[in-house]
Amino acid sequence: MADTPITTGTAPLPADPPSLRDRATALPPVTTGTSERYIQGLASAVSRASATDPLTVAFQTEKLPPGQTAADLDLPAMQRIVYESATTRLDVKLAAGAFIAEAGGFAAVACWEPGRIGHPHRTDGKTLADRPLFAEFLTKVSETMREHLYPIIERVSGGRYWKLSLMARDPAVEYVPGAVRAVLVPFIERFTSDENEGGPMPVWLEAGSEQARAVYAHFGFREVGEINIRGIKTWGMIYTGNIDIGN
């Protein structure tokens, strides 16, 4: 996929009032791509935005040599680990058809990944036997998806969906109003519309904090399940827009 600008705000939000549609037309420019520049931009944003998140720290700690813990690492060291993990994960995801979107000069960045029932999680390649916490997380996510997402996509999209798999607002980049909206709204509109290649498809994500859950709910995502990993909570969320999902 070539790095390219996309047009934002060209279609009305499916379920929002005119005032919100008007605000969408003022979104900052968005580009999409799969080049090294985009990989580095997303990995850098994720490393700076999430290096202190409890679940991120727990997952990355599992990769440390025996006897070493997160307490042995300062913030720059943890950010480097998160960055390296993100670049490896992105290589796998992009090879499977994902792409990266950025807005406001990488003020906000997201990775959009196509999914299908029966396809495995795309991880960073470390064996799950060495990462029991991450393995437990993937198992519980899969269970939540089977219960809440799969019945919908079996009915409406031939078992296919889109996933927001990595997303961050970079705290090192000056705040750009509308940047987060710009890497979310145009894409969830497109994926759930009749104009989407392959027809309308639901969108799935896991929100890793209560703040993230509230942000995604604001944009129309519906919480469908809580995933608890040793006291750290994540929420499965679905966006269907105007898709008729039946009962």
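Preceding this paragraph is the structure being described.
Note that the structure is a prediction, hence the values are computed from the model and not measured.

Q: Could you clarify how one ought to interpret the overall build of the protein in this entry?
A: Of the regular secondary structure elements, the protein holds eight helices and eight strands. The proportion of buried residues among the 247 residues of the protein is 48%. Pairs at least 24 apart in sequence give 72% of the contacts found in the protein among residues at least 6 apart. Carbon and sulfur atoms make up 51% of the accessible area of the protein, which amounts to about 11,700 Å² in all.

Q: Whenever I open this one, the environment of Phe59 confuses me. Can you help?
A: Along the chain, the position of Phe59 falls in helix α3 (residues 54-61). Phe59 gets classed as buried once you look at its relative accessible area, which sits at 9%. Taking the C-alpha atoms as reference, Phe59 lies 6.0 Å from Phe134; in sequence the two are 75 residues apart. Setting aside anything within four residues of it in sequence, one finds Phe59 in contact with Arg131, Leu133, Phe134 and Phe137.

Q: How should the nonpolar core be read in this particular structure?
A: Side chains of a nonpolar character, in soluble globular proteins, are inclined to be buried together. Judged by nonpolar contacts, the single largest core of 30 residues is most densely connected at Trp112, Val203, Tyr216 and Phe221. Among the elements that take part in this core, helix α7 (residues 179-191) stands out by supplying eight residues, more than any other. Non-local contacts of Tyr216, meaning those with residues more than four positions away in its chain, are made with Leu164, Met167, Leu184, Leu205, Ala207, Phe221 and Met237. If you look at the next biggest cluster of nonpolar residues, it comprises 22 residues, including Ala45, Val46, Val57 and Ala98.

Q: Can you walk me through the packing of α3 against helix α5 (residues 132-148) in this structure?
A: Think of two packed helices as two axes; the pair is described by the angle between the axes and how far apart they sit. Across the interface, α3 lies against α5 with an axial gap of 8 Å and an inter-helix angle of 125 degrees. With respect to their mutual orientation, α3 and α5 come out oblique. Contacts between α3 and α5 involve Leu55, Ala58 and Phe59 on the former and, on the latter, Leu133, Phe134 and Phe137. Residues of the contact of α3 with α5, tallied by class, amount to six nonpolar, no polar and no charged.

Q: Quick question: what am I supposed to make of the pattern of salt bridges here?
A: Should their charged atoms come close, side chains of opposite charge can pair. For the structure on display, the rule yields six salt bridges. Notably, a salt bridge pairs Lys140 with Glu136, separated by 3.2 Å at the nearest N-O pair. In this pair, Lys140 and Glu136 are both assigned in helix α5, four residues apart and thus about one turn of the helix distant. With a relative accessible area of 27%, Lys140 lands in the partly exposed category. Exposure remark for Glu136: the relative accessible area of 24% places this residue in the partly exposed category. Residues Arg230 and Glu136 are paired through a salt bridge, measuring 3.5 Å at the closest nitrogen-oxygen approach. On the criterion of sequence distance, the pair formed by Arg230 in the loop between β7 (222-229) and β8 (232-239) and Glu136 in helix α5 is long-range, its members being 94 residues apart. The class of Arg230 is exposed, set by a relative accessible area of 61%. Through salt bridges with shared partners, one network takes in Glu136, Lys140 and Arg230.

Q: Explain the packing of helix α2 (residues 36-50) against helix α4 (residues 75-95) here, please?
A: Remark: α2 packs on α4, axes separated minimally by 8 Å, with the N-to-C direction vectors making an angle of 140 degrees. What the angle tells us is that α2 and α4 run oblique. As α2 packs across α4, the resulting crossing turns out to be right-handed. Residues Ile39, Gln40, Leu42, Ala43, Ser44, Val46, Ser47, Arg48 and Ser50 of α2 lie in contact with α4, whose contacting residues are Gln79, Val82, Tyr83, Ala86, Thr87, Leu90, Asp91 and Leu94. Of the residues assigned to the contact of α2 with α4, the class counts are nine nonpolar, six polar and two charged.

Criteria and thresholds
Residues numbered from 1 in each chain as written. Predicted model: local features only at pLDDT ≥ 70, side-chain atom pairs only at ≥ 80, totals over all residues. Heavy atoms only, no water. Helix = DSSP H or I, 4+ residues; strand = E, 2+ residues; numbered from the N terminus. Buried < 20%, exposed > 50% of the residue type's maximum accessible area, 1.4 Å probe, protein only. Contact = heavy atoms within 4.5 Å. Areas by Shrake-Rupley, 256 points an atom, 1.4 Å probe, with all protein chains shown as cover. Core = buried A, V, L, I, M, F, W, Y, C linked by side-chain atoms within 4.5 Å. Axes fitted to C-alpha atoms, helices over the stretch in contact; angles between N-to-C directions. Parallel < 35°, antiparallel > 145°, perpendicular 65-115°, else oblique. Nonpolar A, V, L, I, M, F, W, Y, C, P; charged D, E, K, R; others polar. Salt bridge = Lys/Arg side-chain N within 4 Å of Asp/Glu carboxyl O. Left-handed = near helix turned anticlockwise from the far one by under 90°.

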